[in-house]
Amino acid sequence: MQQHIDIYENKNQVMADALERVVMELYMKKEQDQCKMITFCGSEPGVGTTSIAIDVAIFMAKSGWKTLLVDADLHKSIEYKTLSSKSTFGLADYLEGRCPIDRITMTTNEENLFFLPSGVTYGRPLPLFCSEQLNHLLEQLNQEYEYVIFDAPAINSSTDTCVLASKVDGTVLITAYGISSTNILKSNLEIIHKYNINLLGVILNRSDRELYRSYTRDYDYFNKMKYRKGVKRSINFRPLQKINGGN
């Protein structure tokens, strides 16, 4: 019997507007370049990657696309995870040959959204991401789902993320206002260029209201109430284009 998990979306209206922009960009990228398997990773730990990956996956599912959210962090213990702690088997179990794919995917409370937890590995994760078993899994997921969102560790702290990001269609980098420094971002870009990772864009998470407003001049067009006190969190998504002067 397939496992089930409830996943809940962020109800903040400003966040919903920002997520809509992100999903629109990803949709256009899929239409143009068949970009459907996407890694979300942080510039560094603690920038909110998991929350954004969940919200984007939910938005895609609500738009009618069959979507799989994958917890690709095999380093963190599942007892400290929001979603994978509720699972029995997961990605690591499949990659280590202990469990077939039909036993590791979970249904959710969203009609078109499925979840693949991390599972537990008994060795180092890197060999699993370099394996033919992962290549085989990616082929299967590519055929079965319209979008696959990988929630991965920070790119500067995990070699696994570099390997995974180099194998999927594209990567979205998550940064956070007041946390991510210029030096960190330069280091991220060096890694991205070194491993030929297809960087789709950068999300600035936790930006304040005025900064978000400066990037999206018309975001108050439909609802003036959005500027009321209490609206504190938003995200900015820089265009899906080559960064740092690339072609």
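All of these numbers come straight from a predicted model, not from anything done at the bench. (Residues numbered from 1 in each chain as written. Predicted model: local features only at pLDDT ≥ 70, side-chain atom pairs only at ≥ 80, totals over all residues. Heavy atoms only, no water.)

J.: Which residues make up the packing of helix H1 (residues 13–33) against helix H2 (residues 49–62), and what values go with them?
T.: In the contact formed by H1 and H2, the axes pass within 10 Å of each other and the chain directions differ by 70 degrees. What the angle tells us is that H1 and H2 run roughly perpendicular. Where H1 abuts H2, its residues Met-15, Ala-16, Leu-19, Glu-20, Val-22, Val-23 and Leu-26 lie against Asp-55, Val-56, Phe-59 and Met-60. Here the residues of the contact of H1 with H2 are counted per class, giving 9 nonpolar, no polar and 2 charged. (Axes fitted to C-alpha atoms, helices over the stretch in contact; angles between N-to-C directions. Helix = DSSP H or I, 4+ residues; strand = E, 2+ residues; numbered from the N terminus. Parallel < 35°, antiparallel > 145°, perpendicular 65-115°, else oblique. Contact = heavy atoms within 4.5 Å. Nonpolar A, V, L, I, M, F, W, Y, C, P; charged D, E, K, R; others polar.)

J.: If you had to explain the pattern of salt bridges to someone new, which residues and values would you point to?
T.: Applying the stated rule across the entire model yields 5 salt bridges. Notably, a salt bridge pairs Arg-98 with Asp-93, separated by 2.8 Å at the nearest N-O pair. Look at Arg-98 and you get partly exposed, because its relative accessible area is 35%. When salt bridges with common partners are traced through the structure, they connect Asp-93, Glu-96 and Arg-98 into a single cluster. (Salt bridge = Lys/Arg side-chain N within 4 Å of Asp/Glu carboxyl O. Buried < 20%, exposed > 50% of the residue type's maximum accessible area, 1.4 Å probe, protein only.)

J.: Just give me the short version of the state of the cysteines, but keep the residues and values in it.
T.: Under the counting rule described, the total for this entry stands at 0 disulfides. Free cysteine Cys-41: the closest other cysteine sulfur is in Cys-162, separated by 8.1 Å. (Disulfide = S-S within 2.5 Å.)

J.: I'd love a proper account of the environment of Leu-68, names of residues and values included.
T.: Within the element layout of this structure, Leu-68 appears in strand S3 (residues 67–71). Owing to a relative accessible area of 0%, Leu-68 belongs among the buried residues under this scheme. Spatially, the C-alpha atom of Leu-68 lies 8.6 Å from that of Thr-105, the residues being 37 residues apart in sequence. Here Leu-68 is in contact with Thr-105, Phe-114, Phe-115, Leu-116, Leu-141, Tyr-145, Tyr-147, Val-148 and Ile-149, once residues within four sequence places are set aside.

J.: I'd like a rundown of the side chain of Thr-175, residues and numbers included.
T.: The residue Thr-175 is located in strand S7 (residues 170–176) in this model. Here Thr-175 falls in the buried class, since its relative accessible area comes to 4%. Residue contacts for Thr-175: discarding those within four places in its chain leaves Ser-43, Val-47, Ser-180, Leu-185, Val-202, Ile-203, Leu-204 and Asn-205.

J.: Quick one: what's the story with the packing of aromatic side chains, residue by residue and with numbers?
T.: In total, this model carries 3 aromatic pairs according to the counting rule given. With 5.5 Å between their ring centres and 10 degrees between their planes, Tyr-27 and Trp-65 make a pair best called stacked. Placement of the pair is Tyr-27 in helix H1 and Trp-65 in the loop between H2 and S3, with a sequence separation of 38 residues. One aromatic cluster is present, formed by Tyr-27, Trp-65 and Tyr-147 through successive ring pairs. A cation over a ring is seen here: Lys-66 above Phe-114, with NZ or CZ 5.6 Å from the ring centre. Its end group placed over the ring of Tyr-145, Lys-66 keeps NZ or CZ at 5.0 Å from the ring centre. (Phe/Tyr/Trp six-rings, centres within 6.5 Å; stacked < 30°, edge-to-face > 60°. Lys NZ or Arg CZ within 6 Å of the ring centre and 35° of its normal.)

J.: Tell me about the confidence of the model for the protein chain, residues and numbers included.
T.: If pLDDT is low for a region, its predicted coordinates should not be looked at in detail. With 77% of its residues at a pLDDT of 70 or more, the protein chain shows a mean pLDDT of 83. When the criterion is pLDDT under 50, residues 219–233 qualifies, and its contacts beyond four places in sequence or with other chains add up to 32 contacts. In the predicted structure, residues 239–247 sits below a pLDDT of 50 and forms 17 contacts with residues beyond four places in sequence or in another chain. (pLDDT = per-residue confidence, 0-100.)

J.: Please provide a residue-by-residue account of the pairing of S7, values included.
T.: The buried fraction of S7 amounts to 7 of the 7 residues, a majority that puts the element mostly inside the structure. Across the two faces of S7 the burial is the same, with Gly-170, Val-172, Ile-174 and Ala-176 and Thr-171, Leu-173 and Thr-175 all buried. Pairing between strand S2 (residues 37–42) and S7: 5 bridges, direction parallel. For Cys-41, the partnering residue across the bridge sits in S7 and is Leu-173. (Pairing = 2+ DSSP bridges.)

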